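Spelled out from the first residue to the last, the chains are:
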Amino acid sequence: MLEVKDLKVSYGAVQALDGISLTVKDGEIVSLIGANGAGKTTALRTISGLEAASAGSITFDGHDLRRTVPSRIIGLKLAHVPEGRHIFPEMTVEENLEMGAYADPDGMESVMQEVYVRFPRLKERRRQLAGTLSGGEQQMLAVGRALMSRPKMILMDEPSMGLSPLLVQEIFAIIQEINRQGITILLVEQNAQMALSISSRAYVLETGHITLSGDARALLDDARVKKAYLGQ
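Residues numbered from 1 in each chain as written. Predicted model: local features only at pLDDT ≥ 70, side-chain atom pairs only at ≥ 80, totals over all residues. Heavy atoms only, no water.

Threshold: UniProt positions are given in the numbering used here, feature names are shortened, and annotations may be inferred rather than shown by experiment.
The chain goes by ABC transporter ATP-binding protein in an unreviewed UniProt entry, where it is assigned to Candidatus Faecalibacterium gallistercoris. Word for word, the UniProt comment on the chain under Sequence similarities (unreviewed entry) is "Belongs to the ABC transporter superfamily."

So, in structure tokens, the structure goes:
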């Protein structure tokens, strides 16, 4: 479904991504793990068109994303849940969800009801300003907003950031449920233990390079991963 080949991205003299390649197959959860500053967020932002690549290719569902503007990329059914959530705090929960359907508003009400079934707390707070929600509720809103576009695939950037351990468990259960319903997921996450435990495959990104890749369970048992990311 997604193929990234030899992708390079730079910020001035800083090479953020230096020729990374990865694939995500239809129906998978694939994780991209690494330390702060490794280039994980840059990778997702470049895939969704928010950053420009200097070299390489990005193909999603047969479409060349490097030749596609972000507003068209969401129309191709590739959604992005950004790091930090980036909800609209002065808009209500329901208005935030409506924004998620701007590229394809037909049937918006039925999709919104599906989101409310998945996230009952959002339904309870649908008239509430999004900026007054708790961190966990804001993360649910960011995921719900992405689901409003009826995506084939979601890019998720640090969904557990700033959440309590209990809410982390809940968010990861939601990610698995979304995947079971047929949505492919590329997950960027610093909580390597949780990310690898729900993924089929994974990539380790270090200072702009992919240094390890393979079966997620095998990476959980890899001594290098244990030492660098699992504290073992």
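Observations concerning the overall build of the chain
How we decide: Where helices and strands are cited, they refer to DSSP runs of H or I of at least four residues and of E of at least two residues respectively, numbered from the N terminus. Each radius of gyration reported is based on C-alpha atoms, and the globular scaling rule is 2.2 Å times the count of residues to the power 0.38. Summary of the burial criterion: residues with accessible area below 20% of their type's maximum are buried, those above 50% are exposed, and those between are partly exposed, where the area comes from a 1.4 Å probe applied to protein chains only. Contact criterion: two residues are considered in contact whenever any of their non-hydrogen atoms come within 4.5 Å of each other.
Secondary structure summary: the chain contains 10 helices and 10 strands in total. By the compact-globule yardstick of 17 Å for 232 residues, the chain fits well, its C-alpha radius of gyration being 17 Å. Projecting the C-alpha coordinates of the chain onto the three principal axes gives extents of approximately 45 × 40 × 30 Å. Looking at the chain as a whole, 49% of its 232 residues qualify as buried. For the chain, long-range pairs separated by at least 24 residues make up 67% of all intrachain contacts whose partners lie at least 6 apart in sequence.

Focus on the sheet that holds strand β2 (residues 14-24)
The following threshold applies: Should DSSP find at least two bridges between two strands, the strands are taken to pair. Axis geometry follows a simple rule: fit a line to the C-alpha atoms, using only the stretch in contact for helices, then measure angles between N-to-C directions, giving values from 0 to 180 degrees.
Read across the sheet, four strands follow the order β2-β1-β4-β5 without closing on themselves; strand pairing throughout is antiparallel. The sheet is open, and its two borders are formed by β2 and β5 (63-64), each paired with just one other strand. Here five bridges tie strand β1 (residues 2-11) to strand β4 (residues 55-60), and the two strands are oriented antiparallel to one another. Across the sheet, K8 pairs through a bridge with A55, a residue of β4. Sitting on the sheet, helix α1 (residues 40-47) touches β1, β2 and β4, and the angle it makes with β1 is about 115°.

Some details on the side chain of T184
Going by this rule: N or O atoms within 3.5 Å of each other form a polar contact, as long as, within protein, one can give a hydrogen and the other can take it, and as long as residues adjacent in sequence are counted only when both atoms are side-chain atoms.
Tracing the sequence through the fold places T184 in strand β8 (residues 184-188). A polar contact is formed between the side chain of T184 and the side chain of D26, at a distance of 3.4 Å. With sequence-adjacent residues up to four places away left out, T184 is seen in contact with M1, V24, K25, D26, G27, E28, K152, M153, I154 and N179.

Looking at the sheet that holds strand β3 (residues 29-33)
Spatially, β6-β7-β8-β3-β9-β10 is the arrangement adopted by the six strands of the open sheet, whose pairing is mixed. The strands lining the two open edges of the sheet, one partner per strand, are β6 (78-81) and β10 (209-215). The mean inter-strand angle of the sheet, taken between neighbouring strand axes irrespective of direction, is 15°. Pairing between strand β7 (residues 153-157) and β8: five bridges, direction parallel. Following the sheet pairing, M156 is matched in β8 by L187.

Topic: the packing of helix α3 (residues 93-100) against helix α4 (residues 108-118)
What counts here: Each angle receives one of four descriptions, namely roughly parallel if under 35 degrees, roughly antiparallel if over 145, roughly perpendicular if within 65 to 115, and oblique otherwise. The hand of a helix crossing depends on one turn: near helix anticlockwise from the far one by less than a right angle means left-handed, and clockwise means right-handed. Any residue outside Ala, Val, Leu, Ile, Met, Phe, Trp, Tyr, Cys, Pro, Asp, Glu, Lys and Arg is labelled polar, Gly included; the first ten of those are nonpolar and the last four are charged.
The N-to-C vectors of α3 and α4 enclose an angle of 120°; their axes lie 11 Å apart at closest approach. The angle between the axes of α3 and α4 places the two elements in the oblique class. When you trace α3 past α4, the crossing you get is right-handed. Each of E94, L97 and E98 in α3 lies in contact with α4, whose residues at this interface are M108, M112, V115 and Y116. For the contact of α3 with α4, the residue count by class is five nonpolar, no polar and two charged.

So, the environment of A228
Inspection of the secondary structure assignment puts A228 in helix α10 (residues 223-229). As a C-alpha pair, A228 and G182 span 46 residues in sequence and 32 Å in three-dimensional space.

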